[in-house]
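# Results of the structural survey
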Amino acid sequence: MRLERKMDVPVYDLSLIRGIWEVRVKKQRQRQKKEQERMEQSALTRIEQQWQYRIYCKTLKTSERNQLHRYLERTSMTDVPTCTEVEQQNQTDQQDQKDPDQSKLIFQLNGDRWSDFPRELQWMTYLREWHVRGTKIRQLPDYLALFTQLTVLQIPQNAITELPPEIGKLTELRELNVSYNRLSRVPPELGNCENLERLELTGNHNLSELPFELSSLKQLVHLDIAENRFVSIPICALRMSSLQLLDLSNNCLTDLPQDMDRLEQLVTLFVHKNNLSYLPQCLTNVSTLKMIVVSGDQLTCIPTKLCSNPDIKFIRLYDNPANAEKKKKKKKKEDEEKKEKNKRRRWREARQEEVKDSREKEFIEAYVSSLQDRDTVPYSTTKVSISCLL
């Protein structure tokens with residue numbers, strides 16, 4: 001019978017193992033990127049696109065077809081054939097008479113009558129910005145990867161439950177706003193959007209973590225993950241070296257990590273409406289820090305340098321106990337009423353709750369911005385009610 005041999009392996013520096021792992025992840029991501037580029041350069045995709053375009057043109061009227069051709073003239077789809085030479089001439093004439101404002105290339109969609117994206121959107125790959133708000137849309141279209149020139153994707157206050165992996169192909173994306181939707185996770189492919197500068201994921205409620213692959217967002221300066229279920233700061237957020245604003249308000253945080261000074265360019269930190277009892281000493285090492293907003297109800301330990309530094313606006317907000325109790329009773333009553341109503345009614349109530357949350361957030365931002373221009377630290381004006389009804 002063979003005796004098992006035990007061996008103790010000493011590990012002195014976990015950062016070395018972490019570094020090796022990050023290098024492997026980066027190489028794997030590069031291989032996947034090369035494979036995607038190879039598939040995109042394949043002729044099959046282009047042939048399929050042309051056939052779908054021809055089929056779609058058969059369903060349009062002449063005026064609609066002419067308008068579509070005028071749009072496509074500004075796209076990268078230069079190999080898509082036009083139907084007739086006459087239509088091509090009309091397209092050129094109309095292009096000369098177009099309004100200069102149309103060069104903004106913005107797509108807008110508003111209202112709860114929309115439950116899906118319009119079919120003709122798939123041919124408008126020249127668009128640079130999407131602004132979709134207040135609809136019943138649950139998912140992004142499967143042709144999203146074709147919009148390689150997209151720089152702004154604003155889709156707040158919808159019913160979107162997930163972001164597709166194809167979002168990683170939007171390499172020109174600068175701003176992404178998916179606030180007040182129903183996300184429970186963020187795809188790791190979002191880390192391929194390395195030009196992203198602004199990411200807003202406020203008020204998804206079921207969101208509790210971010211993938212480590214988002215560490216590659218080195219150009220990100222604004223990260224807003226307020227009103228979710230984070231119990232700690234995501235590791236990837238501490239590796240976003242260009243981050244200037246971090247909003248973690250209204251989550252389930254009980255402490256902040258001791259290595260927050262890795263955010264060497266951080267200017268504004270929002271951590272109010274959490275369960276923090278202390279602030280770490282490492283925050284005093286962030287020389288660029290200008291403003292900290294924190295709830296003062298449970299805060300017992302604060303670095304002296306943060307309070308006494310005249311260059312930092314240290315703002316403590318306090319909940320009004322009476323209003324908080326009223327808010328709890330009202331919320332309980334609303335929950336009981338929601339159980340008795342049908343599915344459509346519950347959806348509308350959820351929409352109203354999202355609007356209320358967004359207004360409360362706007363109130364806090366307006367209040368904080370009013371303090372930024374003051375010369376002194378506002379000790380006497382920090383006691384405000386953030387549970388007021390708007």
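Each residue is numbered by its place in its chain's sequence as written, counting from 1. In keeping with the model being predicted, local features are shown solely for residues with a pLDDT of at least 70 and side-chain atom pairs are shown and tallied solely at 80 or more, while totals for entire chains, interfaces and linings include all residues. Note: side-chain values were computed over all heavy atoms of the structure, leaving out hydrogens and water.

### Observations concerning the overall build of the protein
A tally of regular secondary structure across the protein gives seven helices and 10 strands. Relative accessibility decides the category of a residue: with a 1.4 Å probe and only protein chains considered, values under 20% of the type maximum give buried, values over 50% give exposed, and everything between is partly exposed. Here the protein, with 390 residues, has 41% of them falling under the buried criterion. By definition in these notes, contact holds between two residues if any of their heavy atoms fall within 4.5 Å. Partitioning the contacts of the protein with sequence separation of at least 6, the portion at a separation of at least 24 is 38%. Each helix is a run of H or I in the DSSP string that is no shorter than four residues. Each strand is a run of E no shorter than two, and both are numbered from the N terminus.

### Regarding the packing of aromatic side chains
Geometry of aromatic contacts follows a simple scheme: Phe, Tyr and Trp rings, the Trp one being its six-membered ring, pair when their centres are within 6.5 Å, and the pair is stacked under 30 degrees between planes, edge-to-face over 60, tilted otherwise. Within the structure shown, the criterion is met by four aromatic pairs. Aromatic side chains Phe 107 and Trp 130 sit 6.1 Å apart centroid to centroid with 65 degrees between the ring planes, which places their arrangement in the edge-to-face category. Of this pair, Phe 107 sits in strand E1 (residues 106–110) while Trp 130 sits in strand E2 (residues 129–133), and the two are 23 residues apart along the sequence. Summarising the aromatic geometry, the rings of Tyr 143 and Phe 147 are spaced 6.2 Å apart at their centres and angled 40 degrees between planes, so their arrangement reads as tilted. Since its relative accessible area comes to 0%, Phe 147 is described here as buried. One aromatic cluster is present, formed by Phe 107, Phe 117, Trp 130, Tyr 143 and Phe 147 through successive ring pairs.

### Comments concerning the pairing of E1
Here E1 shows one buried face, formed by Phe 107 and Leu 109, and one open face, formed by Ile 106, Gln 108 and Asn 110. Bridge count between E1 and E2: five bridges; the pairing is parallel. Looking across to E2, one finds that Ile 106 is bridged to Glu 129. Whether two strands pair depends on DSSP finding at least two bridges between them.

### A few points about the sheet that holds strand E4 (residues 175–177)
Here 10 strands make up an open sheet; going across it, the order is E1-E2-E3-E4-E5-E6-E7-E8-E9-E10 and the pairing parallel. In the strand order of this sheet, the two ends are held by E1 and strand E10 (313–317), each with one partner. For this sheet, the mean angle separating the axes of adjacent strands, direction not counted, is 5 degrees. Relative to strand E5 (residues 198–200), E4 runs parallel, the two being bridged by three bridges. Paired with Leu 176 across the bridge in E5 is Leu 199. Under this scheme, a helix contributes an axis fitted over its contacting stretch, all axes are lines through C-alpha atoms, and angles between N-to-C directions fall in the 0 to 180 degree range.

### Describing a positive patch on the surface
Patch definition: residues above 30% relative accessible area lacking any salt bridge, with like charges linked at up to 9 Å and the nonpolar side chains Val, Leu, Ile, Met, Phe, Trp and Tyr linked at up to 5 Å. For every accessible area listed, the method is Shrake-Rupley and the probe measures 1.4 Å; residues are considered covered only by the protein chains on display. Salt-bridge detection follows one rule: a side-chain nitrogen of Lys or Arg within 4 Å of a carboxyl oxygen of Asp or Glu. Charged residues are defined narrowly, with Lys and Arg counted positive, Asp and Glu counted negative, and His plus the chain ends left uncounted. Every charge is mapped to an atom, namely NZ of Lys, CZ of Arg, CG of Asp or CD of Glu. A cluster of basic residues, Arg 18, Lys 26, Lys 218 and Arg 262, forms a positive patch on the protein surface. Within the secondary structure layout, Lys 26 lies in helix H1 (residues 14–40).

### What to know about the side chain of Asn 251
With respect to the secondary-structure elements, Asn 251 resides in the loop between strand E7 (245–247) and strand E8 (268–270). Reaching out from Asn 251, the side chain makes a polar contact with the backbone nitrogen of Arg 229 at a distance of 3.3 Å. Ignoring sequence-local partners within four residues, the contact set of Asn 251 consists of Ile 225, Ala 226, Glu 227, Asn 228, Arg 229, Phe 230, Lys 273 and Asn 274. Polar contact is defined as a pair of N or O atoms within 3.5 Å, subject to the rule that within protein one atom must be able to donate a hydrogen and the other to accept it, and that residues adjacent in sequence are counted only when both atoms are side-chain atoms.

### Overview of the nonpolar core
The tendency in soluble globular proteins is for nonpolar side chains to be buried as a group. Core analysis: the largest hydrophobic core is formed by 68 residues, its most contacted members being Phe 117 and Trp 130. Of all the secondary-structure elements, those providing two or more residues to this core are E1, E2, strand E9 (291–295) and helix H5 (304–308). With residues near it in sequence (within four places) discarded, Trp 130 still touches Phe 107, Phe 117, Leu 121, Pro 141, Leu 144, Phe 147, Leu 150, Val 152, Leu 153 and Gln 154. What we call a nonpolar core is a set of buried Ala, Val, Leu, Ile, Met, Phe, Trp, Tyr and Cys residues that are connected through their side-chain atoms within 4.5 Å. In terms of nonpolar packing, the next biggest core, distinct from the first, is built from six residues, Leu 245, Phe 270, Met 291 and Ile 315 among them.

### So, the side chain of Glu 200
Residue placement: Glu 200 occurs in strand E5. Accessibility expressed as a relative area gives 13% for Glu 200, which makes it buried. Reaching out from Glu 200, the side chain makes a polar contact with the side chain of Arg 198 at a distance of 2.6 Å. Apart from the residues within four sequence positions on either side, Glu 200 is in contact with Leu 176, Asn 177, Val 178, Ser 179, His 222 and Asp 224.

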